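Residues per chain, in single letters:
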Amino acid sequence: MPDAASLAYRVQKHAARRLHYDFRLEVGGVLKSWAVTKGPSLVAGERRLAVAVADHGLDYADFEGVIAPGRYGAGAVLLWDRGTWEPDGDPAAALAAGSLAFTLHGVKLTGRWRLMRLKAGPRARQTAWLLVKSRDGAARGPGDPDILDELPRSVLTGRTVEQVAAGAA
Ligand code: MN
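Residues numbered from 1 in each chain as written. Predicted model: local features only at pLDDT ≥ 70, side-chain atom pairs only at ≥ 80, totals over all residues. Heavy atoms only, no water.

Q: If you had to explain the pairing of strand β1 (residues 8-15) to someone new, which residues and values would you point to?
A: Counting buried residues in β1 gives seven out of eight residues, a clear majority hidden from the surface. Judged from the eight bridges that link them, β1 and strand β6 (residues 75-87) form a sheet pairing that is antiparallel. Residue pairing in the sheet places Val-11 in a bridge with Asp-81 of β6. Where β1 meets strand β2 (residues 19-27), seven bridges bridge the pair, whose relative direction is antiparallel. The partner of Arg-10 across the bridge, within β2, is Arg-24. Taking the residues between adjacent antiparallel strands as the criterion, β1 and β2 are bridged by three residues. (Buried < 20%, exposed > 50% of the residue type's maximum accessible area, 1.4 Å probe, protein only. Helix = DSSP H or I, 4+ residues; strand = E, 2+ residues; numbered from the N terminus. Pairing = 2+ DSSP bridges.)

Q: So what about the pattern of salt bridges? Which residues, and what values?
A: According to the stated counting rule, one finds nine salt bridges in the structure shown. Between Arg-159 and Glu-64 there is a salt bridge whose closest N-O contact spans 3.0 Å. Of this pair, Arg-159 sits in the loop between α2 (147-150) and α3 (161-165) while Glu-64 sits in the loop between β4 (47-57) and β5 (65-67); the two residues are 95 residues apart in sequence, bridging distant segments of the chain. Accessibility classification places Arg-159 together with Glu-64 in one group, the buried group. Glu-150 is paired through a salt bridge with Arg-140; the nearest N and O atoms lie 2.8 Å apart. Here the residue Glu-150 occupies a position in helix α2, and Arg-140 occupies one in the loop between β9 (128-133) and α2, the gap between them amounting to ten residues. Judged by relative accessible area, Arg-140 falls into the partly exposed class, the value being 22%. The network of salt bridges with common partners includes Arg-10, Asp-62 and Arg-82. (Salt bridge = Lys/Arg side-chain N within 4 Å of Asp/Glu carboxyl O.)

Q: Help me get a handle on the nonpolar core, residues and values and all.
A: In summary, soluble globular proteins display a tendency toward joint burial of nonpolar side chains. With 29 residues, the main nonpolar core has Phe-23, Leu-25, Trp-85, Phe-102, Leu-104, Leu-109 and Leu-115 as its most contacted residues. Leaving out residues up to four positions away in the same chain, Leu-104 has contacts with Tyr-9, Phe-23, Leu-25, Thr-84, Trp-85, Leu-109, Thr-110, Gly-111 and Trp-113. (Core = buried A, V, L, I, M, F, W, Y, C linked by side-chain atoms within 4.5 Å. Contact = heavy atoms within 4.5 Å.)

Q: Outline the pairing of β9, supporting the account with residue identities and numerical values.
A: In terms of burial, β9 is a largely internal element, five of the six residues being buried. Bridging between β4 and β9 involves five bridges; their strand directions are antiparallel. Within β9, the position partnered with Arg-48 by the bridge is Leu-131.

Structure representation (structure tokens):
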């Protein structure tokens with residue numbers, strides 16, 4: 001078991017057919033992943049739809065670049081945030097139960113968060129969760145600046161997603 005403090009946390013801003021943010025948490029040696037269409041919000045209690053997507057390998061954690069046209073997820077990928085995370089208790093059990101409380105130690109996102117699985121309808125093809133900031137010192141109010149607008153650039157290279165798409169250094 002790795003030290004809980006060393007578990008990887010990442011967010012990749014992904015300008016695919018539709019812009020979204022891939023929220024990733026290391027669990028059991030892989031990056032559990034959710035596509036958050038509107039991106040995470042620091043406003044306490046503001047719920048952001050997070051659709052569960054395929055696990056990614058840890059070697060993908062710091063990927064930034066362009067996925068070639070014709071390939072799955074074609075478009076620019078920017079490393080929007082990185083750091084570590086700490087689950088409350090056993091993360092695999094919490095995910096199986098559909099409710100995960102955790103602390104983020106990122107560059108942009110910190111403090112307490114929750115992921116809650118929604119009940120799937122009979123025709124649901126995707127598993128939907130809600131990503132929500134908990135009330136704490138790192139939370140913002142509804143009138144505060146949006147972290148997505150305030151800090152849009154890569155934590156790795158300082159580039160915008162447009163610059164990544166253009167292949168600029
Ligand atoms: Mn994606």
